[in-house]
Amino acid sequence: MTATAAETTPAATAPAPADRGPFRSLRVHNFRLYASANLVSLTGTWMQRIGQDWLVLQLSGDSGVALGVTTALQFGPTLLLGMYGGVLADRYDKRRLLVATQVLMGLLAVVLGVLVATGGVALWHVFLLAAGLGSVSAIDAPVRQVFVSEMVGGDLLPNAVGLNSTIFNGARLVGPSLAGLLIGASGGDTAPAFFVNAASFAFTIGALLLMRPGELDRSTPVARGRGQLRAGLAYTWAHPDLVLAMVLAFVIGTFGFNYQVTIALMAREVFDLGAEAFGLLSTAFAIGSLTGAFLSTRRSVRPRQRFLVGSAVVFGLLTIACGLAPGYAAFAVLLVPAGAAALVFSVANNSFVQLGTDPQVRGRVMALYFTCFMGGTPLGAPLIGWVSEHLGAPWGLILGGLVVVLAALAAGLVLARRRVPARS
C-alpha cells in the first residue's frame with residue numbers, strides 16, 4: 001500500500017508491535033466505546049430486520065416479490081446517495097455525521113413501531129419507511145467504514161474491520177432469535193421489535209458523544225469543489241486491483257447476499273414453519289458469519305487478490321448446497337459454513353479496498369464499494385424473490401450461488417492472464 005494509505009495509530013493508544021491478538025483494537029479507547037455500543041445497537045437493528053421481513057409476509061400473503069421489493073427499497077438508495085455519503089465523509093467531521101444518522105434511523109423505527117401498534121400499518125407504509133431507512137443508511141455506511149480507520153489508524157485497520165464484523169454478526173446471532181421469540185410471545189405482533197431497535201440507537205449516540213476527539217487519527221478534510229465524485233471514480237478506475245474488488249462486491253452483493261429473502265421464504269414455504277424457526281435459521285447463518293468474522297481478526301496485512309477470488313468461489317458453492325438441502329436440519333447446518341464463507345470474503349474485500357486507498361479519497365472509494373456491494377440488491381432481491389416464488393425457494397439459492405461461482409471463476413481467469421499487480 002502507499003505510504004499515505006496506511007496511517008499509523010497514535011502512539012498513546014497503539015498496542016505493542018508484537019501484539020497480534022484478535023482483540024488488539026479494543027485497546028484503543030474510542031474504538032472500545034464504539035464497539036461496545038455498536039453491539040447493542042446492531043442487535044436492535046437485526047431485530048427490526050426480522051420484524052420487518054415478517055411484517056411484509058403478513059401483509060402481503062407470503063409474497064416473495066413483496067419481500068424482495070422491500071429489500072430493494074431499503075438498499076436501492078445506495079445507488080443514488082452512497083457516493084454522496086462518501087463525499088460527506090471526506091469533507092466533514094465523521095463523528096458528527098454519525099450522530100445525525102443514528103438519530104434519524106431511530107426516529108424511523110419509532111414511526112414503524114407506532115403504525116404497527118395502532119393497527120394502521122399498510123404494506124406501502126413499510127415500503128416507504130424501508131426507503132427512508134435506506135436513504136439514511138446510504139449516507140451512514142461509507143462514513144461509518146471510514147470512521148473505523150480514523151479511530152484506530154492503518155496498522156490496526158484489518159483487525160478493527162474483522163472485530164467490527166464480529167460484533168455485527170454477534171448481533172446477528174442474538175437479534176434474530178430475540179426477534180423471533182418476541183414476535184412469537186406477542187402473538188405475531190412485530191411492533192415490540194421496532195421499539196427495541198429505536199431505543200438501541202441511544203447507545204451508539206452516547207458512545208459517539210463520549211469519545212476523545214484528540215485521539216482520532218483524522219485525515220485532512222477535502223475542501224468543497226466540483227468534480228469530486230468523478231475524481232473518486234477516476235481514482236478507482238486507475239487501480240485495477242480496486243476494480244477487481246468492486247466487481248466481486250457487485251456480483252456477490254447482487255446474487256449471493258440475499259439470505260434475508262431466501263431464509264424467510266424457505267422457512268414459510270418449504271418447511272411451513274413460524275417466526276421462531278425463521279429466527280433460528282437466521283441465527284444458524286449468523287453463527288457461521290460470526291465464526292468467519294472472528295477468524296478474520298487474525299489478519300494483519302492486506303489480503304491477496306487470489307484470496308478474494310477463492311473465498312468468493314467457496315461462498316457460491318455453499319450457497320448452491322443450501323438450495324439443495326433435503327430438509328430443515330440439513331439446511332440449518334449448511335447455513336453455518338455459508339455464513340462463515342460470506343464473512344471471510346466480506347471482511348477481506350473491505351480491508352483490501354481500505355488498505356489500498358489513500359486517506360483523502362477513502363470516503364469516496366468506500367462509498368463506491370458499498371454502492372457496488374449493496375447497490376445491486378435492488379436488482380438481485382426482487383429477481384431472487386421472483387425466482388423463489390415461481391420456481392421454488394431453493395432455486396433462489398441455487399441460481400444465485402451459480403452466478404457467484406461463474407463470476408468469481410471468470411475474475412480468477414482474468415487475474416491469471418493479466419497478472420494484475422497488487423499495490424504494496
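Sequence positions are assigned chain by chain, starting from 1 and proceeding in written order. pLDDT decides what is reported in this predicted model: residues at 70 or higher carry local features, side-chain atom pairs at 80 or more are listed and counted, and totals for whole chains, interfaces and linings draw on all residues regardless. Side-chain figures throughout are based on the complete set of non-hydrogen atoms in the structure, without hydrogens or water.

In the annotation of an unreviewed UniProt entry, the chain is listed under the name Putative MFS family arabinose efflux permease and assigned to Geodermatophilus tzadiensis. Under the Subcellular location (unreviewed entry) heading, UniProt states for the chain: "Cell membrane". UniProt positions are given in the numbering used here, feature names are shortened, and annotations may be inferred rather than shown by experiment.

Participant: Can you lay out the overall build of the chain for me, pointing to particular residues and giving the numbers?
Facilitator: Broken down by element type, the chain carries 16 helices and zero strands. Each residue is placed in one exposure class: buried if its accessible area under a 1.4 Å probe, protein chains only, is under 20% of its type's maximum, exposed if it is over 50%, and partly exposed if it falls in between. Classification of the 424 residues of the chain by burial places 59% in the buried group. In what follows, a contact means two residues having at least one pair of non-hydrogen atoms within 4.5 Å. Considering only residue pairs separated by 6 or more positions, the chain has 88% of its internal contacts joining residues 24 or more positions apart. All accessible areas in this document rest on Shrake-Rupley with a 1.4 Å probe, and a residue is counted as covered only by the protein chains that are shown. Summed over all atoms, the accessible surface of the chain reaches about 16,200 Å², with 69% contributed by carbon and sulfur. The way it works is that DSSP assigns letters per residue, a run of H or I at least four long becomes a helix, a run of E at least two long becomes a strand, and they are numbered from the N terminus.

Participant: Account for the pattern of salt bridges, naming residues and giving values.
Facilitator: What counts as a salt bridge is simple: a side-chain nitrogen of Lys or Arg found within 4 Å of a carboxyl oxygen of Asp or Glu. Counting across every chain of the model gives three salt bridges. Put simply, Glu-150 and Lys-94 hold a salt bridge, and the shortest N to O gap is 3.1 Å. Note that Glu-150 is positioned in helix α5 (residues 123-152) and Lys-94 in helix α4 (residues 94-117), a separation of 56 residues in sequence. Judged on exposure class, the residue Glu-150 and its partner Lys-94 are both buried. For the salt bridge of Arg-212 with Glu-215, the shortest nitrogen-to-oxygen distance reads 3.1 Å. Accessibility expressed as a relative area gives 42% for Arg-212, which makes it partly exposed.

Participant: Pulling in residues and values, what's your account of the packing of aromatic side chains?
Facilitator: Note on ring pairs: Phe, Tyr and Trp rings are taken, using the six-membered ring of Trp, and paired if centres are within 6.5 Å. Classes follow the plane angle, with under 30 degrees stacked, over 60 edge-to-face and the rest tilted. This model, assessed by the stated rule, comprises three aromatic pairs. With a centroid separation of 6.3 Å and an interplanar angle of 70 degrees, the aromatic rings of Tyr-34 and Phe-147 are classed as edge-to-face. Highlighted residues: Tyr-34 in helix α1 (residues 29-60) and Phe-147 in helix α5, separated in sequence by 113 residues. On the accessibility criterion, Tyr-34 (1% relative accessible area) is buried. The interplanar angle of 75 degrees and the centroid separation of 5.3 Å between the aromatic rings of Phe-257 and Phe-315 together place this pair among those described as edge-to-face. Here Phe-315 lies in helix α12 (residues 305-323) and Phe-257 lies in the loop between α9 (240-256) and α10 (259-270), a separation of 58 residues in the sequence. Chaining the aromatic ring pairs together yields one cluster made of Phe-31, Tyr-34 and Phe-147. Here, over-ring charges are defined by two tests on the NZ atom of lysine or the CZ atom of arginine: distance to the ring centre within 6 Å, and angle to the ring normal within 35 degrees. The positively charged end of Arg-49 is found above the aromatic ring belonging to Trp-46, 4.6 Å away from the centroid.

Participant: I'd like a rundown of the packing of α4 against α5, residues and numbers included.
Facilitator: Running from N to C, α4 and α5 point in directions that differ by 155 degrees, and their axes come no closer than 9 Å. On the basis of their axis angle, the class for α4 and α5 is roughly antiparallel. Pair α4 / α5 crosses with left-handed handedness. Each residue gets one label: Ala, Val, Leu, Ile, Met, Phe, Trp, Tyr, Cys and Pro are nonpolar, Asp, Glu, Lys and Arg are charged, and the others, such as Gly, are polar. Here the contact of α4 with α5 is built from residues that sort into 16 nonpolar, five polar and five charged. Axes here mean lines fitted to C-alpha atoms, for a helix over just the part in contact, with angles spanning 0 to 180 degrees between N-to-C directions. Working rule for angles: under 35 degrees goes down as roughly parallel, over 145 as roughly antiparallel, 65 to 115 as roughly perpendicular, anything else as oblique. Each helix crossing is assigned a hand: it is left-handed if the near helix lies turned anticlockwise from the far helix by less than a right angle, otherwise right-handed if that turn is clockwise.

Participant: Describe a nonpolar patch on the surface, naming the residues involved and giving the relevant values.
Facilitator: In this analysis, a patch consists of residues with relative accessible area above 30% that form no salt bridge, clustered at 9 Å for like charges and at 5 Å for the nonpolar side chains Val, Leu, Ile, Met, Phe, Trp and Tyr. Nonpolar side chains collect at one region of the surface, where Leu-391, Trp-395, Leu-399, Leu-402 and Leu-406 lie side by side and expose about 460 Å² of accessible area between them. Looking at which element gives the most residues to the nonpolar patch, the answer is helix α16 (residues 393-418), with four residues. Within the element layout of this structure, Leu-391 appears in helix α15 (residues 377-391).

Participant: Let's hear about the environment of Gln-58: which residues, and what values?
Facilitator: Considering the arrangement of structural elements, one finds Gln-58 in helix α1. According to the relative accessible area criterion, Gln-58 is partly exposed, its value standing at 37%. Separated by 65 residues in the primary sequence, Gln-58 and Leu-123 place their C-alpha atoms 9.4 Å from one another. Excluding its chain neighbours within four sequence positions, the residues that come into contact with Gln-58 are Gly-188 and Thr-190.

Participant: So what about the side chain of Gln-48? Which residues, and what values?
Facilitator: With respect to the helices, strands and loops of the structure, Gln-48 is situated in helix α1. If sequence neighbours within four positions are ignored, Gln-48 has contacts with Ala-109, Leu-112, Leu-133, Ala-193, Phe-194 and Asn-197.

Participant: Describe helix α7 (residues 191-209), and please don't skip the residues or the numbers.
Facilitator: Helix span, expected: 1.5 Å multiplied by one less than the number of residues in the helix. Here α7 contains 19 residues, and its C-alpha end-to-end distance of 29 Å stays within 8% of the 27 Å for a straight helix at 1.5 Å per residue. Turning to α7, its buried residues number three or more, namely Ala-191, Ala-193, Phe-194, Asn-197, Ala-198, Ser-200, Phe-201, Thr-204, Ile-205, Ala-207 and Leu-208. Of the surrounding secondary structure, the elements contacted by the buried residues of α7 are α1, α4, α5 and α6 (157-185).

Participant: Describe the packing of helix α8 (residues 228-237) against α9, naming the residues involved and giving the relevant values.
Facilitator: It is the contact of α8 with α9, at a shortest axis distance of 6 Å, that shows an interaxial angle of 105 degrees. Taken together, the axes of α8 and α9 are roughly perpendicular relative to one another. Mapping the contact onto sequence places Tyr-235, Thr-236 and Trp-237 in α8 and Leu-242, Val-243 and Met-246 in α9. When its residues are assigned to classes, the contact of α8 with α9 shows five nonpolar, one polar and no charged.

Participant: Describe α9, with residues and values.
Facilitator: Given a rise of 1.5 Å per residue, 17 residues ought to cover 24 Å, and the 23 Å separating the end C-alpha atoms of α9 matches this to within 8%. Extensive coverage of α9 is indicated by the burial of 13 of its 17 residues.

Participant: Can you break down the confidence of the model for the chain residue by residue, with the values?
Facilitator: With 89% of its residues at a pLDDT of 70 or more, the chain has an overall mean of 81. As a per-residue measure, pLDDT tells how confident the predictor is, with possible values from 0 to 100. Low confidence marks residues 1-18, where pLDDT is under 50. Its contacts with residues over four positions away, or in another chain, come to 41 contacts.

Participant: Pulling in residues and values, what's your account of the side chain of Asn-30?
Facilitator: Relative to the elements of secondary structure, Asn-30 occurs in helix α1. You can call Asn-30 buried: its relative accessible area is 1%. A polar contact is formed between the side chain of Asn-30 and the backbone nitrogen of Arg-212, at a distance of 2.8 Å. Ignoring sequence-local partners within four residues, the contact set of Asn-30 consists of Met-151, Met-211, Arg-212, Glu-215 and Leu-216. We call two N or O atoms a polar contact when they sit within 3.5 Å, provided that within protein one can donate a hydrogen and the other can accept it, with sequence-adjacent residues counted only if both atoms are side-chain atoms.

Participant: Describe the nonpolar core, with residues and values.
Facilitator: Residues enter a nonpolar core if they are buried and are Ala, Val, Leu, Ile, Met, Phe, Trp, Tyr or Cys, with the set joined through side-chain atoms within 4.5 Å. Ranked by size, the top nonpolar core spans 108 residues in total, and within it Phe-31, Met-151, Tyr-259, Phe-331 and Leu-335 carry the most contacts. Considering each element in turn, this core owes the most residues, 13 residues, to helix α13 (residues 328-355). Here the bounds of each domain stem from an automatic or database domain assignment. Split by domain, this core shows at least three residues from each of two domains, domain 1 (24-216) and domain 2 (227-419). Among residues more than four places away in sequence, those in contact with Leu-335 are Tyr-259, Ile-263, Leu-281, Ala-284, Phe-285 and Cys-322.

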